[in-house]
Every structure is written in C-alpha cells, then in structure tokens.
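# Structural features, examined
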Amino acid sequence: MIVKTEIPRQPEPIHAPDWSAVRRDFPALAVEVYGKPLAYLDNAATAHKPQSVIDAIVRHYTESNANIHRGSHYLSQKATDEYENARKTVAQFIGASDREIIFTRGATESVNLAAATFGRRFLDTGDEIVVSEMEHHSNIVPWQMLCKEKGAKLRIIPVSDSGELITDNLEAFLGNRTKLVALTHVSNSLGTINPVREIVAAARERGIATLLDGAQAVPHLPVNIRELGCDFYAFSGHKLYAPSGIGVLFVSKRLIDELPPYQTGGGMIRRVTLERSTFDDAPGRFEAGTPNIEGAIGLAAAIEYVQFIGISHIAAREQELLGYANKKLADVPGLKIYGEATEKASVISFTLGDIHPHDVGSFLDREGVAARAGHHCNQPLWSRFGVPATTRASMAFYNTESEIDALVEGLQAAVSFFS
Ligand code: PLP
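How each quantity is defined
Per chain, the residues get numbers from 1 upward, laid out in the order the sequence is written. Since the coordinates come from a predicted model, pLDDT governs what is reported: local features require at least 70, and pairs of side-chain atoms require 80 or more to be given and counted, while whole-chain, interface and lining totals use all residues. In computing side-chain properties, one takes all heavy atoms of the structure into account and sets aside hydrogens as well as water. Near is defined per residue: the residue qualifies when any heavy atom it owns lies within 4 Å of the molecule or strand. Whenever a nitrogen or oxygen atom comes within 3.5 Å of another N or O atom, the pair is scored as a polar contact, on the condition that within protein one atom can donate a hydrogen and the other can accept it, and that pairs from neighbouring residues in sequence are kept only if both atoms are in side chains. Each residue gets one label: Ala, Val, Leu, Ile, Met, Phe, Trp, Tyr, Cys and Pro are nonpolar, Asp, Glu, Lys and Arg are charged, and the others, such as Gly, are polar. Geometry of aromatic contacts follows a simple scheme: Phe, Tyr and Trp rings, the Trp one being its six-membered ring, pair when their centres are within 6.5 Å, and the pair is stacked under 30 degrees between planes, edge-to-face over 60, tilted otherwise. Each helix corresponds to a stretch of at least 4 residues labelled H or I by DSSP, and each strand to a stretch of at least 2 residues labelled E; elements are numbered beginning at the N terminus. Type-normalised accessible area, obtained with a 1.4 Å probe on protein chains alone, sets the label of each residue: buried when under 20%, exposed when over 50%, and partly exposed for intermediate values. Working rule for contacts: check all heavy atoms of both residues, and any pair within 4.5 Å makes them a contact. Each domain span listed reflects an automatic or database assignment of domains. Once two parts are brought into contact, the accessible area they lose, counted with a 1.4 Å probe and summed over both, makes up the buried area. Any carboxyl oxygen of Asp or Glu that lies within 4 Å of a side-chain nitrogen of Lys or Arg is treated as forming a salt bridge with it. Only the contacting stretch of a helix is used when fitting its axis, a line to C-alpha atoms as for every element, and angles between N-to-C directions run 0 to 180 degrees. Angle categories: roughly parallel below 35 degrees, roughly antiparallel above 145, roughly perpendicular from 65 to 115, and oblique for all the rest. Crossing handedness follows the turn of the near helix against the far one: under a right angle anticlockwise gives a left-handed crossing, and clockwise gives a right-handed one. A patch consists of residues whose relative accessible area exceeds 30% and which take part in no salt bridge; residues with like charges are grouped when within 9 Å of each other, and nonpolar side chains (Val, Leu, Ile, Met, Phe, Trp, Tyr) when within 5 Å. Working definition of accessibility: Shrake-Rupley area with a 1.4 Å probe, residue cover restricted to the visible protein chains. Whenever a pair of cysteine sulfur atoms sits within 2.5 Å, that pair is classed as a disulfide.

### Digging into the site of the ligand
In the neighbourhood of the ligand, 13 residues make up the surrounding shell, with T108, D213, Q216, S236 and K239 lying closest. In the environment of the ligand, an oxygen atom lies 2.7 Å from a nitrogen or oxygen atom belonging to the side chain of Q216. For the shell around the ligand, the class distribution of residues is two nonpolar, nine polar and two charged.

Right, here's the structure in full:
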C-alpha cells in the first residue's frame, strides 16, 4: 500500500459533462414516491450519493475493514493508509495541507470543536465574538454557550431586506475586545454568498481570528482556503455527496498548534501515566477514539467525483437552474421569495400567500416534490423577516428543469387547492 505523499490540486475538466448521464450516477434519484417520479429539491439538507461513493464504502468493508493507527497487521495498515489518504484528498480539494484537516462528525461538531478549543485558550471575560443574523443554529449556539461560560459578549451583524450582510459599519464590530468573527460562507436559507474574503481580510488586519461555516459553500463553489485567509473552515460530508457522520474542520497552521485538545481518550495521546498525559501532534490530537473511517473514505470518493465533474461546471449548472427557477416561480400567484442577493447559490426560500409552509411542503410531497418546510435552523433570521417558517427548494447540479416545472405545477395546484 502506497500512501499518496502529495496530491496536487486537480485540474478542472475543460468541458461540462452530459448532465443527464451524470444524473444516472445517483441511484436514489430514480426512486418513485406515491407512484410519481421523485423531484429531489432538498439538497441544502442533504445531498444524494453517487454510485462511486457507495462502492468505495462497500469496498472498504469488504476489503480493508480494520481499526486504524494502532495495528501492525496488513488490514490495519491498509485502512490507516486509506484514512490518511482521504485527509490528503480533502486538503488538496480546499487548498490546505493535510496537517490542517481535522475529521469531525460534521459542520456542527466542527464549530463546537473550534468553540471549545479556541474559547478555552483565547477567550476572557469582556471579550467579543461576532456572528451574523443569518447563521445556522450550529454557528450561533456554540458561541452563545461559550460567551455565557466565559462572560464574553456575542455581537450580531444584521441582514438587509434583500438578505445580505450589512457591512457598512463593519469596523464597529472589529474592536480591540473582538477575538473571533464566525460567519457563514453561504446562507442555507437565503442562498446569499457572503463577501467573506473581504471580511476575513478586515479581521486579520486587526489580529482577529475568523471561522467560516462552509457547509453550503463547499458543495457548490470552488473554495480555496489560502485565498479566503480564514483560521477555521467547517463543512459536512453529507451535503457534499458523501456519507453522513463525517465532516471537516480546517484549522490554519498558524493556530492549530496553539489549541488545546478537544475530546480526550484513546488515539490522541502520546503518553499516559496515572498522574498525567501528553498529547499527539495535530491533527491526531483532535481525533480522540476510533474515527469514522468509512466516512472519511466515502468523503474522499465524493470529492474525487466532484473533481471529475469539475466544481466550476457544477457552480455554472446550478446558476442555470437557479435562473430557470426564479423565472418560473414568478408565475406562481402570491409567492414571495426571501433572499435576493446579487451573489446567490441555488437555494430558494419562499412563502405562498397565507398558506402555512408546512402545508405547502406536504402538498408538494404528494406531488413527488421533496422540498423542506420549517425554520431550517435559522430562527433568528426568520424573526428578522417576521415569518415563523418558509418552504425551501434547494438545487444540486443533478436536478433538471423538468423537476423545477414539477415544483411550479405543485405550487400552482396548492394555490387552487387551498383557496
Ligand atoms: N451550517 C450550515 C450553513 C448548514 O446549512 C448546516 C446544515 O444544514 C450546518 C451548518 C450543520 O450541518 P450538520 O448538520 O451537517 O452538522
């Protein structure tokens, strides 16, 4: 078994693929619901998996299942190599080095890891952490808890009516007590692509650390960590066509060795006596216990799949679908879209007259259209817009114009039915 020593960034394929052939790579898209073809428009919640990811997991269990790092036998070495190669694949995908990649359970655990370790090391009473009104609960609650524990203050960047961060007054948020700015790269409800590079640069100039929640960015846009310049970057595998239960926290090399361990126990130590313990170097120091080995292998297979298609082609195809959906949805009476940023990913949250979003979601479901209804883990955002919930359609590159037509027809039928 040869460990890949360095994986260069993969070149983008020149041509976009045949999208109808790509669709056939995802077996779950062929499922019928209530005797109707499935139109899966819930990709912001989780994405389907290509056959190559499913095969990689099956191959791991049938050919290389063993615990990693601790065994001297063949299978253990093979599984260890696969796991560490997966780390290298993730690193090259986002332009990082593998020492900066920590495997977690998902974006939520990544933010919790950052909050626990950064908070323990750097936060004092009276310090400030900045988040925004459009954050997913995963990027609010861990900071709220930390601020409460440390006597620090959470400050909130507001959102405009069009669903963009109001950054005119950014300097007021970057004071001498500000320790960290934690923002979403792409909003899971509004689709807004935030100007994170500029915000990170402004924070860095003042010596303030930054975390970006990339859960909705990495599957849909080219992401290069060095260009972004952030200290932490969090994302989940399952939204990136990989299995659930695996995620990533990138921590920049200038910070990673400064952070104390997160969870403790086996796998992350160097030496343990009954009196005290010393810890492994990063990233192993942050991965206590047996990790999600098959998840990491599945994530690497998903990244290889995305690179085979080309992330720029994915982004362009999703913009086409977004444009088509916006045009078609304009024909639905009473439909109001939340989130009209100039830079926007393929997520559309809307209300339909005074029909409850849950009723809209259930009605669409019976038409074979999988959309999400609720607060999408953005309660503060919906308070700001004065609605308790919305219906959300979120598209991936494998969706089609006819699935969007099914959504629009379903909504038109819902309008007739409920009136
Ligand atoms: N951040 C954003 C922007 C998200 O959309 C999500 C999931 O919807 C999360 C964080 C949390 O991801 P996970 O549930 O995979 O940990």
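### What to know about the packing of aromatic side chains
This structure, assessed with the given rule, holds 18 aromatic pairs. Aromatic side chains F26 and Y241 sit 6.1 Å apart centroid to centroid with 70 degrees between the ring planes, which places their arrangement in the edge-to-face category. Of the two residues, F26 sits in the loop between α1 (19-23) and β1 (32-33) while Y241 sits in the loop between β9 (232-236) and β10 (247-251), which places them 215 residues apart along the sequence. In this pair, the class of F26 matches that of Y241, namely buried. Geometrically, the ring pair formed by Y241 and F397 is edge-to-face, given 5.1 Å between the ring centres and 65 degrees between the ring planes.

### Considerations on the side chain of S236
Within the secondary structure, S236 is located in strand β9. Classification of S236 by relative accessible area gives buried; the value is 6%. From its side chain, S236 meets the backbone nitrogen of A107 in a polar contact 2.8 Å long. If sequence neighbours within four positions are ignored, S236 has contacts with G106, A107, I246 and G247.

### Description of unusual backbone geometry
Residue P283 is bonded to the preceding A282 through a cis peptide linkage, with omega at 0 degrees. Among the structural elements, P283 can be located in the loop between β12 (277-279) and α9 (293-309). Although it is not a glycine, Y241 adopts a positive phi angle of roughly 70 degrees. Although it is not a glycine, C377 adopts a positive phi angle of roughly 60 degrees. Locating C377 in the fold gives a position in the loop between β16 (372-374) and α12 (379-385). Accessibility expressed as a relative area gives 29% for C377, which makes it partly exposed.

### Concerning the domain arrangement of the chain
Split into domains, the chain comes out as domain 1 (19-40 + 310-418) and domain 2 (53-307). In this complex, domain 1 contributes 35 residues to the contact, which on the side of domain 2 involves 29 residues. Carbon and sulfur atoms supply 57% of the area that domain 1 and domain 2 bury against each other, a total of about 2600 Å² over both sides. Of all residues in domain 1, I311, L381 and R384 bury the most surface against domain 2, accounting for 22% of the area lost on that side. Where domain 1 meets domain 2, there are one salt bridge. Across the pair R384 and D161 runs a salt bridge, and its minimum N-O distance is 2.6 Å. There are 21 residue pairs in polar contact (both at pLDDT 80 or more) connecting domain 1 and domain 2. At the level of elements, α10 (311-329), β14 (347-352) and α12 are the ones that each hand at least two residues to the side of domain 1 that touches domain 2. Top element by residues in the side of domain 1 that touches domain 2 is α12. It accounts for six residues. Within the side of domain 1 that touches domain 2, the residues separate by chemical class into 19 nonpolar, nine polar and seven charged.

### Quick look at the environment of K328
Among the structural elements, K328 can be located in helix α10. Taking relative accessible area as the criterion, K328 reaches 28% and is therefore assigned partly exposed. For the pair K328 and P291, spaced 37 residues apart in the sequence, the C-alpha separation amounts to 45 Å. Every residue in contact with K328, bar those within four places of it in the chain, is listed here: D405 and V408.

### So, the packing of helix α3 (residues 74-94) against α9
Interhelical geometry of α3 versus α9 gives an angle of 40 degrees and a closest axis separation of 8 Å. By the angle between their directions, the pair α3 and α9 is classed as oblique. For the pair α3 and α9, the crossing hand works out as left-handed. Here A79, E82, Y83, A86, T89, V90, Q92 and F93 of α3 lie close against α9, whose contacting residues are I293, A296, I297, L299, A300, I303, E304, V306 and Q307.

### Quick notes on the pattern of salt bridges
Enumeration according to the criterion identifies 23 salt bridges in this entry. Two residues, D281 and R270, come together in a salt bridge whose shortest N-O distance is 2.8 Å. Residue D281 is found in the loop between β12 and α9, and its partner R270 is found in strand β11 (residues 269-272); the two are separated by eleven residues along the sequence. Exposure remark for D281: the relative accessible area of 45% places this residue in the partly exposed category. R270 sits in the exposed class, given a relative accessible area of 52%. The residue E401 makes a salt bridge to R317 at a minimum N-O spacing of 3.0 Å.

### Brief notes about a nonpolar patch on the surface
Side chains of I269, V272 and F279 sit close together on the surface and give an oily, nonpolar patch of about 220 Å² of accessible area. Summarising the element assignment, I269 is placed in strand β11.

### Remarks on the state of the cysteines
All told, the structure shown has zero disulfides when counted by the stated rule. Take C147: it sits in no disulfide, and the sulfur closest to it among the cysteines is that of C230, at 20 Å. Considering cysteine sulfurs only, C147 is the nearest to C377, which forms no disulfide, with 20 Å between them.

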